[in-house]
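# Analysis of the macromolecular model
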Amino acid sequence: MKPLTSTKITSFQKKIFKWWEANRRVFPWRETTEPYAILVSELMLQQTQAPRVVEKFNQFVEVFPDLESLAKAQKFEILQLWSGLGYNRRAIWLQEAAQMIIERKEFPNTPEELQKMKGIGKYSAHSILIFAFNYDLATVDTNIRRILVAEKFAEEKTSERDLWEIAKKLVPKGRSRDWHNALMDYGSIELTVAKTGIKPLTKQGKFKGSDREYRGKILKLLLESKKITINQMITVLNLQEVKLESILQKMVKENLIKKKGKYYSV
DNA sequence: GTCCCGTTAC
DNA sequence: GTAACGGGAC
């Protein structure tokens with residue numbers, strides 16, 4: 001590992017910014033620093049590649065331009081706009097976050113405050129403050145971890161805690177917004193997993209045949225049909241009743257859907 | 001550690 | 001067809 005001398009840090013910063021001048025990507029959430037829009041983009045970007053988010057983000061902020069409009073929106077409309085992004089609970093959490101922020105009357109300006117909201121973990125909390133306010137913070141996702149390892153600032157076995165500490169030292173003061181945008185681009189274009197062989201820490205389970213797959217299908221059905229009985233779902237999805245019931249129960253508990261009499265709806 | 005999605009790449 | 005991709009809650 002490279003010792004973190006100020007010379008090393010400065011030369012790495014210069015290298016990244018130099019590369020970025022010629023290779024920066026354009027995304028709609030980079031055209032704004034409005035905290036609300038940044039919040040929306042960060043929730044959308046969790047576990048979802050940026051190119052897939054672009055159109056969804058544009059539609060979402062057009063229909064719900066601010067915290068107020070999202071806070072009072074119908075869940076049906078939110079989930080419809082979210083449809084196709086996956087991990088639909090994020091949409092619920094996003095609206096809950098909007099409602100909490102409205103209630104407290106000001107946008108949170110510390111990672112701790114942001115992390116009190118469901119759906120916002122350490123990475124997102126720091127990212128939101130960096131991209132909205134340009135605070136001198138660092139953030140570490142799988143992309144940035146891969147850069148730190150590939151550039152020998154860390155090793156594959158380096159702990160989460162140490163990765164964050166190293167990342168913090170590399171941030172150029174007063175330029176954290178540009179810095180993290182540059183790093184994201186550099187990591188996803190120049191230092192791909194395929195090129196570096198540095199893999200994410202965890203693997204996802206199989207999707208086919210999983211509850212995850214059925215939850216997606218169930219929500220899609222409900223967004224198309226407004227309301228539907230469990231027997232209709234059994235027919236359409238070709239799924240065992242006991243299995244379906246346990247999935248539906250969890251979705252109700254997560255506030256994704258509701259049950260009125262024998263009908264399920266969003 | 002296990003559960004949350006849908007699209008793109010092979 | 002199947003694997004790869006990408007943060008957070010519990």
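Residues numbered from 1 in each chain as written. Chains lettered and ligands numbered in written order. Predicted model: local features only at pLDDT ≥ 70, side-chain atom pairs only at ≥ 80, totals over all residues. Heavy atoms only, no water.

Further remarks concern the protein's contact with DNA strand C. Residues in close proximity to DNA strand C total 19 residues, the closest being Q47, Q49, K118, G119 and S124. Between DNA strand C and I120, the relevant distance is 3.4 Å, taken from a phosphate oxygen to a main-chain nitrogen or oxygen of the residue. One nitrogen or oxygen atom from the main chain of Y123 is found 3.4 Å from a phosphate oxygen belonging to DNA strand C. With three residues, helix α8 (residues 122-133) is the single largest residue contributor to the surface near DNA strand C. Each residue belonging to the surface near DNA strand C can be placed in one class, and the counts come to five nonpolar, nine polar and five charged. (Near = heavy atom within 4 Å. Polar contact = N/O pair within 3.5 Å; in protein donor to acceptor, adjacent residues only side chain to side chain. Helix = DSSP H or I, 4+ residues; strand = E, 2+ residues; numbered from the N terminus. Nonpolar A, V, L, I, M, F, W, Y, C, P; charged D, E, K, R; others polar.)

Inspection of the region around DNA strand B gives 14 residues, with N88, Q204, R212, R215 and K250 positioned closest. Atoms of DNA strand B within 4 Å of the protein: sugar and phosphate make up 60%, bases the balance. Separating a sugar or linking oxygen of DNA strand B from a backbone N or O atom of G84 is a distance of 3.1 Å. The side chain of R215 places a nitrogen or oxygen atom 2.3 Å from a phosphate oxygen of DNA strand B. Counting residues per element, the surface near DNA strand B draws most heavily on helix α13 (residues 211-225), at four residues. Each residue belonging to the surface near DNA strand B can be placed in one class, and the counts come to two nonpolar, six polar and six charged.

On to the domain arrangement of chain A, then. Taken domain by domain, chain A holds domain 1 (6-196) and domain 2 (211-265). For domain 1 versus domain 2, the separation of C-alpha centres amounts to 32 Å. Connecting domain 1 to domain 2 are one salt bridge. Notably, a salt bridge pairs R89 with E254, separated by 3.6 Å at the nearest N-O pair. Contributing elements (two or more residues each) for the side of domain 1 that touches domain 2: α5 (75-82) and α6 (89-104). Top element by residues in the side of domain 1 that touches domain 2 is α5. It accounts for four residues. (Domains from an automatic or database assignment. Salt bridge = Lys/Arg side-chain N within 4 Å of Asp/Glu carboxyl O.)

Moving on, we get to helix α1 (residues 6-23). Since there are 3.6 residues in each turn of an α-helix, residues three or four apart along the chain are aligned in direction. Here α1 contains 18 residues, and its C-alpha end-to-end distance of 25 Å stays within 8% of the 26 Å for a straight helix at 1.5 Å per residue. All buried positions along α1 are accounted for by I9, F12, Q13, I16, F17, W19 and W20. Down the axis of α1, the buried side of the element spans an arc of 165 degrees, and every buried residue falls inside it. Projecting away from the buried face of α1 at angles above 90 degrees are the exposed residues T7, K14, K18, E21 and A22. If you follow the buried residues of α1, they end up packed against α9 (142-150), α10 (160-170) and α11 (176-189). (Expected span 1.5 Å × (residues − 1). Buried < 20%, exposed > 50% of the residue type's maximum accessible area, 1.4 Å probe, protein only. Arc of directions from axis to C-beta. Contact = heavy atoms within 4.5 Å.)

Here P111 is to be found in helix α7 (residues 111-114). Take P111: its relative accessible area is 11%, and that puts it in the buried class. C-alpha of P111 to C-alpha of A125: the two residues are 14 residues apart in sequence and 5.0 Å apart in space. The contact partners of P111, leaving out residues within four places of it in the chain, are A125, H126, L129 and L137.

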